[in-house]
Amino acid sequence: MTHPDVPGAAAGAARALAPEGAAAVFAPLPAAPSREQCLALDAADPLAASRELFALPAGVIYLDGNSLGAMPRNAPERAREVVEQEWGRDLIGSWNKHHWFELPTRLGAKIARLVGGERGACVVTDTTSVNIFKVLGAALELQRAVDPGRRVIVSERENFPTDLYVIEGMVEWLDRGYELRLIDEDAPLEDALGVDVAVVLLTQVNYRTGRLWDLAAATAQIHASGALAIWDLCHSAGAVPVGLDAAGADFAVGCSYKYLNGGPGSPAFVWVGEQHLGSARQPLTGWWGHARPFDMEPGYEPASDIRRFQVGTQPILSLATAECGIDIALGADGAALRRKSIALSSLFIELVETRLAAHPLTLVTPRDPARRGSHVSFRHPEGFAVMKALIAQGVIGDYREPEVLRFGFAPLYNGFAEVWDAVEALRRVLDEELWRAPEFGERGAVT
Ligand SMILES: *Cc1c(COP(=O)(O)O)cnc(C)c1O
């Protein structure tokens, strides 16, 4: 469904960002390139124009778009419009007049395109954590109908904790003898699969190490064992190709505030494969998932389409600004994004390892670009203080336990000279031991 009268819906302006034939531009990278060579890479970057679609503060190198994406330049205007005109002037009539009610499904359709999932269906709603609960509940029910003996849920020990916490909660809540089986990173998936496994929940790009699953191959393996595959795409959407339809994936979830630049706390997405669209039912049966929400019937009947994965009233402001970020990603060529992402992360690894070889930095991320997402992590024994000192230098990455310095490369707005400058700032922090200043040892509530 498209609504040409809705400003965000028509934002196809970014579509021309990635001309065809960009393939050769990012490769090969010269060995230990100079800053001048990095500037030349920026000058030849077919995605360079997309940086202008974002507002980034001067004097800052932002390498944390994998945690909170940058702000699209048009987001404040869109927010003002929704607040002042839609809410302020048209009040409750905006649900119809400005299509607020369809916002989650309209954005979902855009995300489905981004993740190669148009044969399935997607809705932008709630948080990733809540959406994991929904799809896990749906997948377990589908499996129980076929083979109630399958009682194991497989996931990764190194997964983002909320994924594991939600599985734990579901297991306890159902109290039907389900159990969680965790696999270690780099352990063969088949070791964990078997006739007792109902569902496998994997995160395509690991939040700490950046390790990337071959989504299609893993899905095929999971299906061959008789289990269903749920994919967490939090660090994938907007950065790496996904291909849900082609893989025949069952369910997927992900957030919109990382590489999709949707804004702080912007709603997540939930995607359901075409094979389950009519049959999957989720446990949070709220009125927005009802077939006829405004009939106000006392009994629940799920909507026939993806709307059954909605629960209740959605944060319209957050959805509206999320669309600004989603539209930018949609306007870029996905293959070009991936090529630039790899070029940026490869450059960073090369520069750190050649220019900072004297320091105890250990690469945590797979060296093979085909096996990593869009961020790079290095371990350093004083990682926490080092990152704080680096941020004080204007280079914003983040820190994850244990001792991990994490640098996200957002191909939509990061550039090659920025990578060079970030490594130079890190060199200063380490060579001059700036991290030893006492203020860099103190931890805030969010790291
Ligand atoms: C960022 C992230 C989340 C975040 O979940 P929320 O419910 O949006 O806070 C979940 N899972 C993974 C793998 C993530 O990277």
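Residues numbered from 1 in each chain as written. Predicted model: local features only at pLDDT ≥ 70, side-chain atom pairs only at ≥ 80, totals over all residues. Heavy atoms only, no water.

In the nomenclature of an unreviewed UniProt entry, the protein is known as Kynureninase of Leucobacter massiliensis. Checking UniProt for the protein, the heading Sequence similarities (unreviewed entry) contains the comment "Belongs to the kynureninase family." (UniProt positions renumbered as here; feature names shortened; annotations may be inferred.)

Let us now look at the sheet that holds strand E14 (residues 398-400). Spatial strand order, E11-E12-E15-E14: four strands in an open sheet with antiparallel pairing. A strand with exactly one partner marks an edge of an open sheet, and here the two such strands are strand E11 (362-363) and E14. Here helix H10 (residues 334-355) sits on the sheet and contacts E11, strand E12 (375-379) and strand E15 (404-408); the angle it forms with E12, its principal contact strand, is near 20°. (Pairing = 2+ DSSP bridges. Helix = DSSP H or I, 4+ residues; strand = E, 2+ residues; numbered from the N terminus. Contact = heavy atoms within 4.5 Å. Axes fitted to C-alpha atoms, helices over the stretch in contact; angles between N-to-C directions.)

It is worth spelling out the packing of helix H4 (residues 103-114) against helix H9 (residues 316-331) at this point. Where H4 contacts H9, the two axes come as close as 10 Å, and the packing angle between them is 25°. If you check the angle between H4 and H9, you find them roughly parallel. The hand of the H4/H9 crossing is left-handed. Packed against H4, whose contacting residues are Leu103, Pro104, Arg106, Leu107, Lys110, Ile111, Arg113 and Leu114, the element H9 presents Ile316, Leu319, Ala320, Ala322, Glu323, Ile326, Asp327, Ala329 and Leu330 at the interface. A class-by-class count of the residues in the contact of H4 with H9 yields 12 nonpolar, no polar and five charged. (Parallel < 35°, antiparallel > 145°, perpendicular 65-115°, else oblique. Left-handed = near helix turned anticlockwise from the far one by under 90°. Nonpolar A, V, L, I, M, F, W, Y, C, P; charged D, E, K, R; others polar.)

What follows is about the sheet that holds strand E9 (residues 251-254). As summarised here, the arrangement of the seven strands in space is E4-E10-E9-E8-E7-E5-E6, forming an open sheet in which the pairing is mixed. Edge strands, defined here as strands with exactly one partner in the open sheet, are strand E4 (121-124) and strand E6 (179-183). Across this sheet, the average inter-strand angle for adjacent strands is 20°, counted without regard to direction. Here E9 pairs with strand E10 (residues 269-272) via four bridges, running antiparallel. Across the sheet, Val253 pairs through a bridge with Val270, a residue of E10. Seen against the sheet, H4 touches E4 and E10 and runs at an angle of roughly 125° to E4.

Let's shift gears to the site of the ligand. As a structural note, the neighbourhood of the ligand is formed by 13 residues, with Ser129, Asp163, His235, Tyr257 and Lys258 the closest of them. In the environment of the ligand, a nitrogen atom lies 2.9 Å from a nitrogen or oxygen atom belonging to the side chain of Asp163. Between the ligand and Asp232 there is a distance of 3.0 Å, counted from a nitrogen atom to a side-chain nitrogen or oxygen. Isolated, the ligand exposes 380 Å² of accessible area, and the fraction of that covered by the protein chains is 87%. Contributions of two or more residues to the shell around the ligand are made by helix H5 (128-146) and helix H6 (161-174). Here the shell around the ligand is composed, by residue class, of four nonpolar, six polar and three charged. (Near = heavy atom within 4 Å. Polar contact = N/O pair within 3.5 Å; in protein donor to acceptor, adjacent residues only side chain to side chain. Areas by Shrake-Rupley, 256 points an atom, 1.4 Å probe, with all protein chains shown as cover.)

Before going further, it helps to examine unusual backbone geometry. Note: most peptide bonds trans; most residues except glycine with negative phi. Along the chain, Glu401 connects to Pro402 via a cis peptide bond; the corresponding omega equals -10°. Position of Pro402 among the secondary structure elements: in the loop between E14 and E15. One non-glycine residue, Ala32, adopts positive backbone phi at about 40°. Position of Ala32 among the secondary structure elements: in the segment before helix H1 (35-43). In this structure Ala32 comes out as partly exposed when scored by relative accessible area, which is 41%. If you check the backbone angles, Leu91 has positive phi at about 45° while not being a glycine. (Buried < 20%, exposed > 50% of the residue type's maximum accessible area, 1.4 Å probe, protein only.)

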